[in-house]
Amino acid sequence: MVILVAVGVMNLVAMVGLAALVLVEKTGRRGVAVGRIAGVALLALAIAAIWLPWLAPGLHAAAPMMS
């Protein structure tokens with residue numbers, strides 16, 4: 001639930017998607033398989049974002065502060 005709140009503060013659409021994934025994982029007949037597939041897919045996305053930064057448009061280096 002804490003992750004849903006944190007994701008919801010950043011992106012409402014992402015929170016709805018994550019909540020749907022949790023719902024399917026908890027209530028579906030193949031919930032364990034759905035959870036594992038989603039975990040592998042999200043891990044692959046995180047690794048791919050290292051070389052393809054356009055996959056994670058919200059992650060960028062902050063501009064240096066001028067003093």
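Basis of the calculations
- Residues numbered from 1 in each chain as written.
- Predicted model: local features only at pLDDT ≥ 70, side-chain atom pairs only at ≥ 80, totals over all residues.
- Heavy atoms only, no water.
- Helix = DSSP H or I, 4+ residues; strand = E, 2+ residues; numbered from the N terminus.
- Buried < 20%, exposed > 50% of the residue type's maximum accessible area, 1.4 Å probe, protein only.
- Areas by Shrake-Rupley, 256 points an atom, 1.4 Å probe, with all protein chains shown as cover.
- Axes fitted to C-alpha atoms, helices over the stretch in contact; angles between N-to-C directions.
- Parallel < 35°, antiparallel > 145°, perpendicular 65-115°, else oblique.
- Contact = heavy atoms within 4.5 Å.
- Nonpolar A, V, L, I, M, F, W, Y, C, P; charged D, E, K, R; others polar.
- Expected span 1.5 Å × (residues − 1).
- Arc of directions from axis to C-beta.
- Polar contact = N/O pair within 3.5 Å; in protein donor to acceptor, adjacent residues only side chain to side chain.

Engineer: So what's going on with the overall build of the protein chain? Which residues, and what values?
Structural biologist: Along the backbone of the protein chain there are 3 helices and 0 strands. The linear arrangement of helices and strands in the protein chain, starting from the amino end, is α-α-α. Per-residue burial over the protein chain gives 9% buried out of 67 residues. Carbon and sulfur atoms make up 76% of the accessible area of the protein chain, which totals about 6000 Å².

Engineer: Residue-level account of the packing of helix 1 (residues 2-10) against helix 2 (residues 12-27), with values.
Structural biologist: Here helix 1 crosses helix 2 at 150°, and the two axes come no closer than 6 Å. If you check the angle between helix 1 and helix 2, you find them roughly antiparallel. Residues I3, L4, V7, G8 and M10 of helix 1 lie in contact with helix 2, whose contacting residues are L12, A14, M15, L18 and A19. Here the contact of helix 1 with helix 2 is built from residues that sort into 9 nonpolar, 1 polar and no charged.

Engineer: Could you give me a rundown of helix 3 (residues 31-51), with the residues and numbers involved?
Structural biologist: Quick reminder: α-helices carry 3.6 residues per turn. Residues three or four places apart thus point the same way. When the terminal C-alpha atoms of helix 3 are compared, their 31 Å separation across 21 residues agrees well with the 30 Å that a helix rising 1.5 Å per residue should span. Taken together, the buried positions of helix 3 are G31, G35 and A38. Along the axis of helix 3, the buried positions cluster into a sector of 65°, meaning they face one direction only. Residues of helix 3 that are exposed and point more than 90 degrees away from the buried face comprise V32, R36, I37, V40, L43, I50 and W51.

Engineer: Tell me about helix 2, and please be specific about residues and values.
Structural biologist: With 16 residues, helix 2 extends 22 Å between its outermost C-alpha atoms, agreeing within 8% with the 22 Å of an ideal straight helix rising 1.5 Å per residue. For helix 2, the side-chain oxygen to backbone nitrogen distance between the N-cap and V13 is 3.1 Å, and the N-cap itself is N11.

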